[in-house]
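# Descriptive structure summary
This is what each chain is made of:
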Amino acid sequence: MSFFDLINPFSYVTPFHADGDATEESVVVAADAVEAEAIVIEQIEESNADEETETEEEEEEEEEEEAEDKAPLIKEGCGETLACKSLKHHYDECAARVENGSSESCAEEFLHFMECVDHCAASKIFAQLK
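Scope of this entry: the structure provided in the associated data block. (Residues numbered from 1 in each chain as written. Predicted model: local features only at pLDDT ≥ 70, side-chain atom pairs only at ≥ 80, totals over all residues. Heavy atoms only, no water.)

### Observations regarding the environment of His119
- Relative to the assigned elements, His119 resides in helix α4 (residues 107-128).
- Judged by its relative accessible area of 68%, His119 falls in the exposed class.
- In the structure, His119 is positioned 35 residues away from Cys84 in sequence and 10.0 Å away in space, judged by C-alpha atoms. (Helix = DSSP H or I, 4+ residues; strand = E, 2+ residues; numbered from the N terminus. Buried < 20%, exposed > 50% of the residue type's maximum accessible area, 1.4 Å probe, protein only.)

Put into structure tokens, the structure is as follows:
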């Protein structure tokens, strides 16, 4: 008995999934090529049905996942309040001086303005949370 007598010509090894991802190896042993082809087609159809179910589940999760973030709009509105407008004015004056060649940093003015905006927006943002 030779090595070639041990090989069944109707055995098919399918180490890769239809979309190219590596999966567990499966061996199909059939009496003839038609039966083997039918078994392979059945496995592919089962695999495709599983993928369709997973895709539908992922789409449902995406629809439910994210609501619109209202924080940027709330912060923008707080930046226009009377309390924060004066701080924004100081920051804008500093930024204009820097554009004209001043070597100063506007970090202090910016931090004061953002502190005012955050203080105003915090209670409004947390009131929006579910």
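### Thoughts on the packing of helix α2 (residues 71-79) against α4
- One can describe the packing of α2 onto α4 by two numbers: an axis separation of 8 Å at closest approach and a directional angle of 135°. Here α2 lies oblique to α4, going by the angle between them. Judged by the twist between their axes, the crossing of α2 over α4 is right-handed. Across the interface between the two elements, Ala71, Ile74, Lys75, Cys78 and Gly79 from α2 touch Phe113, Val117, Asp118, Cys120, Ala121, Lys124, Ile125 and Gln128 from α4.
- Residue composition of the contact of α2 with α4, grouped by class: eight nonpolar, two polar and three charged. (Axes fitted to C-alpha atoms, helices over the stretch in contact; angles between N-to-C directions. Parallel < 35°, antiparallel > 145°, perpendicular 65-115°, else oblique. Left-handed = near helix turned anticlockwise from the far one by under 90°. Contact = heavy atoms within 4.5 Å. Nonpolar A, V, L, I, M, F, W, Y, C, P; charged D, E, K, R; others polar.)

### Points about α4
- Between its first and last C-alpha, α4 extends 30 Å over 22 residues, near the 32 Å set by a 1.5 Å rise per residue.
- Along α4, the largest kink reaches about 35° and is centred on Ala121.
- Burial in α4 covers these residues: Phe113, Cys116, Val117, Cys120, Ala121 and Ile125.
- In this fold, the buried residues of α4 make contact with α2 and α3 (82-99). (Expected span 1.5 Å × (residues − 1). Bend = angle between axes of the 7 residues up to and from the residue.)

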